[in-house]
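Next come the chains, spelled out residue by residue.
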Amino acid sequence: MTCFPYHRLARCFTRRQVPSKFGWGRNGKAMETVQNIVIGAGVVGLAVGRALAQSGGEVVVAEATDLIGSGASSRNSEVVHAGIYYPREFLKTVLCVRGRRLLYELCEARGVPYRKIGKLIVATREDDLETLRRYRVQAAANGVGDLPSLSLAEVEALEPEVRCLGALHSRETGIVDSHQLMLAIEADLEEGGGMVCLQSPFESAGRDGAGWIVRIGGEGAMELRCETLINCAGLGAQGVAHAMEGLATEHVPERYMARGQYYALRGASPFSRLVYPVAGGGGLGTHVTLDLAGQARFGPDVHWLEEEDYGFDESVIPRVAEDIRRYFPGLGPDQISPDYTGIRAKLVGPGASPVDFRIDGPETHGLPGLVNLFGIESPGLTAALAIAEHVVALRGLQAAA
């Protein structure tokens, strides 16, 4: 690739007055031009920027806040998922299975802390045993590998504090330091010649000949011209899409939000691996997760929202504790406390069946050079590097005839 010359553009969008054959920006000043602009510096946006840079393209990742990964990427369980739960034909299934392998490889190559500790998926009711059987069949179809069924004695040997009617053992599931992962991805992006520009909120975009004019706000407000525009704005993806001139509203799905609350376990963890009840209610159950220091927490649960709200509803703690005691009867009174919350960007509301990721390229909406990502919730962290591969493949497509 040619050397990306916009050194002062990094992080603050300080303008360089470089004449461009493409035109002029705000106030009649010269407009910068870059091949690719990615909106959003969460783990998926960073991964997409990395893939674009490594493929030889100029790339700027524009982030509205002053930190990378300050949204859903830093408010999750930090679990590396195996790819068990969703239908084989779902894009999220394919990308989760491949993304997991790519993530572990990156962690090894970059020294990112992770542990493949495995998880138990436990049945606490008779009806759950049939669900476990379906999970095992689904996992085999998805290419996850075998999920051994465990007897009660085998569960007790692995996790003495867990009580259940049966369990599956997912050996490929792990945990990762999501912050260090994002820093490693950002480093690869920058080594490839790309850059992350913080405090650079997206305002709007419009077509201009064969490319896009992107308006960036903030202290260094400016316009940039690009060939390819990738919307990785997470919870804000629909808002970003609605500000793209020429994109029909029918191509912007409705957004639903589910807040997940995480609960800290006081004292030493009695668990050595993750423990999940069977999934339901818009999530994967109020499960046990561990951090890399071995501290246990429970969550997320599900609270449907009308507006973005990271507050903590402590009134539900007694009910959550009762749910946890179904598989961890040793949980004592007042042993869990509020930890943190996160919000999942969903494409369906309460009671609806899970749906696939939406990664819409020109063949969907008819606009060359545009890719919109919607509903990239769990397992988005696990799938991020594979999502990036998919986006790089999509961006070369032309508009539908």
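Further up the page is the structure itself.
Computed from a prediction, not measured in an experiment: that's the story for all the values here. (Residues numbered from 1 in each chain as written. Predicted model: local features only at pLDDT ≥ 70, side-chain atom pairs only at ≥ 80, totals over all residues. Heavy atoms only, no water.)

**Q** Can you walk me through the packing of aromatic side chains in this structure?
**A** Each aromatic ring pair is summarised here by two numbers: the centre-to-centre distance and the angle between the ring planes. Inspection of the entire model under this criterion finds 7 aromatic pairs. A centroid spacing of 6.4 Å and a plane angle of 90 degrees characterise the contact between phenylalanine 271 and phenylalanine 298, whose relative ring orientation is edge-to-face. Of this pair, phenylalanine 271 sits in the loop between strand E13 (256-265) and strand E14 (274-277) while phenylalanine 298 sits in strand E16 (residues 296-298), and the two are 27 residues apart along the sequence. For the pair phenylalanine 271 and phenylalanine 298, one class covers both residues: buried. Their ring planes at 70 degrees and their centres at 5.0 Å tell us that phenylalanine 271 and phenylalanine 328 sit as a pair that is edge-to-face. With phenylalanine 271 in the loop between E13 and E14 and phenylalanine 328 in the loop between helix H7 (317-325) and strand E18 (336-346), this pair connects stretches of sequence that are 57 residues apart. The two residues phenylalanine 271 and phenylalanine 328 agree in class, both being buried. What links up through ring pairs into an aromatic cluster is the set Phe271, Phe298 and Phe328. (Phe/Tyr/Trp six-rings, centres within 6.5 Å; stacked < 30°, edge-to-face > 60°. Helix = DSSP H or I, 4+ residues; strand = E, 2+ residues; numbered from the N terminus. Buried < 20%, exposed > 50% of the residue type's maximum accessible area, 1.4 Å probe, protein only.)

**Q** So what exactly am I meant to see when it comes to empty space enclosed by the protein here?
**A** The rolling of a water-molecule-sized probe over the atoms marks out the regions of remaining empty space. A full pass over the atoms with the stated rule returns 2 cavities of 30 Å³ or more. Lining of the largest cavity is provided by 11 residues; of these, His81, Gly83, Ile84, Tyr85 and Tyr86 occupy positions nearest its centre. Residue composition of the lining of the largest cavity, by class: 7 nonpolar, 3 polar and 1 charged. (1 Å grid on protein atoms, 1.4 Å probe; cavity = no way out; pocket = protein on both sides within 12 Å on 5 of 7 lines; lining within 4 Å. Points joined across faces, edges and corners; volume = space filled by probe spheres on them. Nonpolar A, V, L, I, M, F, W, Y, C, P; charged D, E, K, R; others polar.)

**Q** In this structure, what is going on with helix H2 (residues 91-110)? I would like to understand it.
**A** Each α-helix turn comprises 3.6 residues. Residues three or four places apart therefore point the same way. The first and last C-alpha atoms of H2 sit 27 Å apart over 20 residues, in line with the 28 Å expected at 1.5 Å per residue. Buried within H2 we find Lys92, Thr93, Leu95, Cys96, Val97, Gly99, Arg100, Leu102, Leu103, Tyr104, Leu106 and Cys107. Positive phi shows up at glycine 111, right after H2, with a value of about 70 degrees. (Expected span 1.5 Å × (residues − 1).)

**Q** Got a minute to help me understand the sheet that holds strand E4 (residues 114-115) in this structure?
**A** Backbone hydrogen bonds hold the strands of a sheet together, and the pairing may be parallel or antiparallel. Read from one edge to the other, the open sheet built from 3 strands follows the order E3-E8-E4, with strand pairing classed as antiparallel. Two strands bound the open sheet, and with one partner strand each, they are strand E3 (79-80) and E4. Across 2 bridges, the pairing between E3 and strand E8 (residues 174-176) is antiparallel. Residue valine 80 lies in a different strand from E8, and its bridge partner there is glycine 174. (Pairing = 2+ DSSP bridges.)

**Q** Which parts of the structure should I look at to understand the side chain of arginine 273?
**A** The residue arginine 273 is located in the loop between E13 and E14 in this model. Overall, arginine 273 belongs to the buried group, its relative accessible area being 14%. A distance of 3.0 Å separates a polar atom in the side chain of arginine 273 from a polar atom in the side chain of glutamate 159. Among the polar contacts listed, one links the side chain of arginine 273 to the side chain of serine 272, at a separation of 3.0 Å. Not counting chain neighbours up to four residues away, the residues in contact with arginine 273 comprise Ile117, Gly118, Leu120, Leu158, Glu159, His169, Val288 and Leu290. (Polar contact = N/O pair within 3.5 Å; in protein donor to acceptor, adjacent residues only side chain to side chain. Contact = heavy atoms within 4.5 Å.)

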